Amino acid sequence: MLTLGIETSCDETAVSIVKDSKVLSNEISSSVHLHSEYGGVIPEIASRYHTEFIYDVYKKAIEDAKVNIKDIDLIAYTETPGLPGSLIVGTAFAKALSYAADIPLSGVDHLKAHIISSLVNKEDGLMDKLFPFIGVVISGGHTSIYDCRALDDFRIIGRTLDDAVGEAFDKVAKILNMGYPGGPLVEKMSDGYKGEEISFPKAYLKNLPGIDFSFSGIKTSVLYYWRDSEKNENEIKKICFSFQNAVKDVIGYKIKDAIDKTGYKTLLAGGGVINNSAIRNTITLVCAEKEVSLYLPEKEYCSDNAAMIAFFAQEEYKKS
Ligand code: KG4
Ligand code: ZN
């Protein structure tokens with residue numbers, strides 16, 4: 001089965017062609033460079049960029065996959081969640097294409113697609129063998145844990161009460177005047193740091209019954225620490241390292257809690273923050289300690305991409 005996926009929920013204009021679980025093409029054009037001076041995504045700029053580039057990205061994806069639009073069995077697009085003005089561009093493009101080429105259409109939940117992104121390019125039919133599993137999304141807009149019982153039965157069991165992890169990374173980078181997106185910049189600054197660590201607050205929220213997260217307190221602590229500290233590179237490295245370490249510890253604790261509460265033996269995680277090596281290592285260590293099979297996406301499929309959208313829609317379509 002050949003599926004064309006379209007992703008425009010934020011600042012990536014992405015189109016991918018997937019044949020069963022194998023990716024034939026994965027085109028991504030990002031407007032990230034246009035947002036960096038603002039320290040965050042400007043929705044109006046993102047949607048204008050999608051409008052300008054979506055047709056070129058589509059053409060390149062079709063050419064790279066060496067397919068013809070007439071061969072496509074299903075068109076998938078990100079339906080929700082995302083920036084409304086950005087989602088509209090992908091949705092309208094997908095609907096027009098579906099109508100013109102007479103191909104079935106399927107809207108996809110972006111977060112569920114992130115969860116299964118680790119199964120892209122793996123063996124066909126693998127997902128069915130993995131249920132029930134814990135699904136984790138750690139991205140710029142979301143930090144959520146799901147109890148995944150079947151493809152049509154993903155139940156949310158934990159979410160952030162305020163900032164998402166990626167958002168906290170981005171805000172810390174903004175406080176330190178480092179640019180956008182903050183995650184990769186903070187990780188790079190932390191690399192190789194060996195000095196003392198600042199004890200930033202870790203919100204374990206042990207008195208709450210759920211598996212929820214909170215990252216606004218640590219962000220504020222970084223703001224006050226930086227206001228009162230010397231303004232030099234060592235201080236920036238110290239802040240980045242300490243912030244990343246605190247976040248990583250909280251994620252490790254929450255994942256352990258989700259494993260204990262569900263009793264499940266498989267965990268799938270995805271989202272832009274899964275690019276972070278320290279966070280990947282923590283999740284890997286926790287799962288090894290708890291004897292849980294872990295699936296993490298290749299780095300190419302952590303951040304927003306259309307292959308995961310096509311793949312998720314295709315799995316749903318095969319079951320319908
Ligand atoms: O999944 P994604 O591409 O978009 C959303 O759906 O939100 O995630 C983007 C987020 C940004 O906040 C970015 O700073 C973060 O992922 N990110 C990272 C790293 N690479 C990207 N955070 C920490 N470390 C990284 N290496
Ligand atoms: Zn995303």
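Note that the coordinates shown come from a computational prediction; the quantities given were computed from them, not determined experimentally.

### Let's talk about empty space enclosed by the protein
A probe as big as a water molecule, rolled over the atoms, marks out the empty space that is left.
Working step 1: Tallied over the entire structure, the rule returns 1 cavity of 30 Å³ or more.
Working step 2: Here the largest cavity defines a volume of roughly 40 Å³.
Working step 3: Taken together, Leu-119, Glu-123, Asp-124, Gly-125, Leu-126, Met-127, Phe-311 and Glu-315 form the lining of the largest cavity.
Working step 4: Looking at the lining of the largest cavity, the elements with two or more residues in it are α5 (126-130) and α11 (307-319).
Working step 5: A breakdown of the residues in the lining of the largest cavity according to their chemical character gives 4 nonpolar, 1 polar and 3 charged.

### Some thoughts on the site of ligand 1
Working step 1: Neighbouring ligand 1 are 20 residues, the closest being Gly-140, Asp-170, Gly-183, Glu-187 and Gly-272.
Working step 2: Asp-170 is positioned with one of its side-chain polar atoms (N or O) 2.7 Å from an oxygen atom of ligand 1.
Working step 3: Look at ligand 1: alone it shows 560 Å² of surface, and the protein chains cover 90% of it.
Working step 4: Using a 2 Å cut-off from the grid points, one finds that ligand 1 occupies the largest pocket.
Working step 5: Elements with a minimum of two residues in the shell around ligand 1: α4 (110-115), α6 (165-175) and α7 (182-190).
Working step 6: Among the elements that take part in the shell around ligand 1, α7 stands out by supplying 4 residues, more than any other.
Working step 7: Its residues placed into classes, the shell around ligand 1 shows 4 nonpolar, 13 polar and 3 charged.

### A look at the packing of aromatic side chains
Working step 1: For the structure shown, the criterion picks out 13 aromatic pairs.
Working step 2: The interplanar angle of 90 degrees and the centroid separation of 6.3 Å between the aromatic rings of Phe-154 and Phe-312 together place this pair among those described as edge-to-face. On the criterion of sequence distance, the pair formed by Phe-154 in strand β8 (residues 153-159) and Phe-312 in helix α11 is long-range, its members being 158 residues apart. The same class applies to Phe-154 as to Phe-312, namely buried.
Working step 3: Aromatic side chains Phe-169 and Phe-243 sit 5.0 Å apart centroid to centroid with 85 degrees between the ring planes, which places their arrangement in the edge-to-face category. Taken together, the positions of Phe-169 in helix α6 and Phe-243 in helix α9 (residues 233-262) put the pair 74 residues apart, joining distant regions of the chain.

About the cut-offs
Residues numbered from 1 in each chain as written. Chains lettered and ligands numbered in written order. Predicted model: local features only at pLDDT ≥ 70, side-chain atom pairs only at ≥ 80, totals over all residues. Heavy atoms only, no water. 1 Å grid on protein atoms, 1.4 Å probe; cavity = no way out; pocket = protein on both sides within 12 Å on 5 of 7 lines; lining within 4 Å. Points joined across faces, edges and corners; volume = space filled by probe spheres on them. Helix = DSSP H or I, 4+ residues; strand = E, 2+ residues; numbered from the N terminus. Nonpolar A, V, L, I, M, F, W, Y, C, P; charged D, E, K, R; others polar. Near = heavy atom within 4 Å. Polar contact = N/O pair within 3.5 Å; in protein donor to acceptor, adjacent residues only side chain to side chain. Areas by Shrake-Rupley, 256 points an atom, 1.4 Å probe, with all protein chains shown as cover. Sits in = over half its atoms within 2 Å of the grid points. Phe/Tyr/Trp six-rings, centres within 6.5 Å; stacked < 30°, edge-to-face > 60°. Buried < 20%, exposed > 50% of the residue type's maximum accessible area, 1.4 Å probe, protein only.

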